[in-house]
Amino acid sequence: MNNADLVIIGGGPAGLAAAVAARKSGVQDILILERDNELGGILNQCIHNGFGLHTFKEELTGPEYAARFIDQVRELDIAYKLNTMVLDLAADKTVTAMNKTDGLFQLHPKAVILAMGCRERPRGALNIPGYRPAGIFTAGTAQRLVNMEGYLPGRRVVILGSGDIGLIMARRMTLEGAKVLCVAELMPYSGGLKRNIVQCLDDFGIPLKLSHTVVDIQGKERVTGITLAQVENGRPIPGTEEHYDCDTLLLSCGLLPENELSRAAGVELSPVTGGPAVNESLETNLPGVFAAGNVLHVHDLVDYVSEEAAAAGTHAAAFILGSEPPAGRILPVHCTNGVRYTVPTTIRPDCAGDTVTLRFRVGGVYKNKKIAVYCGESCIYSRKRPVLAPGEMETVRLKADLLRSGDAVTVTLEEG
């Protein structure tokens, strides 16, 4: 097996963008390892539009967006292996993988980019009582069945969880002739983008029931109905039960970064995101191991995935080519007063270039607040926001020059 200077695990939008950026930054020997039978990742089943407005300044479907990057990978002659499962990543960056052509093989790259994406939270993690009948799907599975396999999972549908995939599938199932009875959400706010609530629910008259959850599933062979109840402090309120006759329950209850390989390698993970803790170069605690995209933290828009992954590819190239400046000071990034997490979690001002991009999410719905960033005692950034919600990722770009003094960076919310 020929070795590679840079191995990228995952051939979805993050892996493709990272590979293109690394090649343009001077790394010639790149190998993408993808477990599916084609490049593009989850975008292949996202046939709705709304992709690419930031990256390409036009509205594309998921497959069209992926095709733009796949074409670049092929034009740049970047090597990739499909149907290839990565079994192990060691702390010394040894990658163990297998496929039916090469069998079991090992690679010893100079750098690795983690771009494995995320998976849906399954029913087993939700503690819903009832039997295990047919007709219960995650929203992503239903999306694949409808958009790629040509099957309609059911006729009368209830969706639990208002994540973006659940909202999009409410519209998709309606367009395919199914009746979506309602979307129930445990939290008092939706977990999806505002535009998806408007375009996928409001435009089709589908009710969104906030602070509701499924308390019972009826049916042994196939789902025959479900019972919803209102929730307060995480507990169903007796007497608020509502029954729905349905044959399908779709679950859209959050996404989990795919970090089994990262954990086995000894990558430090964030307890909030479930993804790696990284510095401003998107490098993990293992030198030469970088992470980007939904394996790092769950994004709203694929355009941000591509932007982040391109940065990871550029920094991985600098690591391989030895052009990265010495680390110098390390500033921890703290989040307070409603900010749940930040990416990155540490910043090295000497390695930051001109700007540092901070991404974060808030823990609740806040109105008329101000995003403020402090370096030590000095406020180096502030911006008023009329509404902040957990479903929308926030992006802050800081001038690296402002980080030269101070011992820590703090991201917080203040009164607007």
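The preceding data block contains the structure.
Residues numbered from 1 in each chain as written. Predicted model: local features only at pLDDT ≥ 70, side-chain atom pairs only at ≥ 80, totals over all residues. Heavy atoms only, no water.

Student: Residue-level account of helix α5 (residues 194-201), with values.
Tutor: Within α5, burial applies to Asn196, Ile197, Cys200 and Leu201. Looking straight down α5, one finds its buried side chains confined to an arc of 105°; they lie on one side. Against α4 (164-175), β11 (179-185) and β12 (208-210) lie the buried residues of α5. (Buried < 20%, exposed > 50% of the residue type's maximum accessible area, 1.4 Å probe, protein only. Helix = DSSP H or I, 4+ residues; strand = E, 2+ residues; numbered from the N terminus. Arc of directions from axis to C-beta. Contact = heavy atoms within 4.5 Å.)

Student: Describe the environment of Gly192, with residues and values.
Tutor: Within the fold, Gly192 resides in the loop between β11 and α5. Taking the C-alpha atoms as reference, Gly192 lies 23 Å from Pro344; in sequence the two are 152 residues apart. Setting aside its immediate chain neighbours within four residues, Gly192 contacts Ser162, Gly163, Asp164, Leu167, Ile197 and Gly391.

Student: Outline the sheet that holds strand β6 (residues 103-107), listing residues and values.
Tutor: Taken in spatial order, the three strands make up an open sheet running β4-β5-β6, and their pairing is antiparallel. Pairing within the sheet leaves two strands with one partner each, and these edge strands are β4 (85-89) and β6. Pairs of neighbouring strands in the sheet enclose a mean axial angle of 25°, with direction left out of account. Bridge count for β4 against strand β5 (residues 95-99) is four bridges, and the pairing is antiparallel. Pairing of Leu89 across the sheet is with Val95, part of β5. (Pairing = 2+ DSSP bridges. Axes fitted to C-alpha atoms, helices over the stretch in contact; angles between N-to-C directions.)

Student: Can you explain the nonpolar core? Please cite residues and give values.
Tutor: Core analysis: the largest hydrophobic core is formed by 61 residues, its most contacted members being Leu6, Ile8, Leu33 and Leu114. Beyond its immediate sequence surroundings of up to four residues, Leu6 is in contact with Ala22, Val27, Asp29, Ile30, Leu31, Pro109, Ala111, Val112, Ile113, Ala316 and Ile320. Grouped together as the second largest cluster of nonpolar side chains are 22 residues, Val339, Ala352, Ile371 and Val396 included. (Core = buried A, V, L, I, M, F, W, Y, C linked by side-chain atoms within 4.5 Å.)

Student: Mind laying out empty space enclosed by the protein, listing which residues take part and the relevant values?
Tutor: Taking a probe equal in size to a water molecule and rolling it over the atoms shows the remaining empty space. Per the stated rule, a full pass over the model turns up one cavity of 30 Å³ or more. As for the largest cavity, its lining consists of Ser270, Thr273, Pro276, Val278, Leu296, Thr342, Val343 and Thr345. Taken together, the residues of the lining of the largest cavity break down into four nonpolar, four polar and no charged. (1 Å grid on protein atoms, 1.4 Å probe; cavity = no way out; pocket = protein on both sides within 12 Å on 5 of 7 lines; lining within 4 Å. Points joined across faces, edges and corners; volume = space filled by probe spheres on them. Nonpolar A, V, L, I, M, F, W, Y, C, P; charged D, E, K, R; others polar.)

Student: An account of the packing of helix α3 (residues 139-149) against α4 is needed here, citing residue identities and associated values.
Tutor: Interhelical geometry of α3 versus α4 gives an angle of 35° and a closest axis separation of 9 Å. α3 and α4 meet at a crossing whose hand is left-handed. Residues Ala139, Gly140, Ala142, Gln143, Val146 and Asn147 of α3 form the contact with α4, whose participating residues are Ile165, Gly166, Ile168, Met169, Arg172 and Met173. Partitioned by chemical class, the residues of the contact of α3 with α4 number seven nonpolar, four polar and one charged. (Left-handed = near helix turned anticlockwise from the far one by under 90°.)

Student: Give me the environment of Pro63: which residues, what numbers.
Tutor: Inspection of the secondary structure assignment puts Pro63 in helix α2 (residues 62-75). In the structure, Pro63 is positioned 204 residues away from Val267 in sequence and 32 Å away in space, judged by C-alpha atoms. The residues touching Pro63, leaving out its near neighbours within four places in the chain, are Leu43, Asn44, Cys46 and Ile47.

Student: Help me get a handle on unusual backbone geometry, residues and values and all.
Tutor: Between Val343 and Pro344 the backbone carries a cis peptide bond, its omega angle lying at 5°. Considering the arrangement of structural elements, one finds Pro344 in the loop between β21 (339-343) and β22 (346-347). Unlike most non-glycine residues, Lys57 shows phi in positive territory, near 60°. Mapped onto the elements, Lys57 comes out in the loop between β2 (30-33) and α2.

Student: I'd love a proper account of the state of the cysteines, names of residues and values included.
Tutor: In the structure shown here, the tally under the stated rule is zero disulfides. Of the cysteine sulfurs around Cys351, a residue in no disulfide, the closest is that of Cys375, at 15 Å. Under the relative-accessibility criterion, Cys351 is labelled buried at 7%. Distance from the sulfur of Cys375, which forms no disulfide, to the nearest cysteine sulfur (Cys379) is 11 Å. Taking the relative accessible area as the measure of exposure, Cys375 reaches 4% and is therefore buried. (Disulfide = S-S within 2.5 Å.)

Student: Describe the packing of α4 against α5, with residues and values.
Tutor: With their axes 8 Å apart at the nearest point, α4 and α5 run at an angle of 20° to one another. Relative to α5, α4 is oriented roughly parallel. Seen along the crossing, α4 lies across α5 with a hand that is left-handed. In this structure, α4 contributes Asp164, Leu167, Ile168, Ala170 and Arg171 to the contact, and α5 contributes Asn196, Ile197, Gln199, Cys200 and Leu201. Taken together, the residues of the contact of α4 with α5 break down into six nonpolar, two polar and two charged. (Parallel < 35°, antiparallel > 145°, perpendicular 65-115°, else oblique.)

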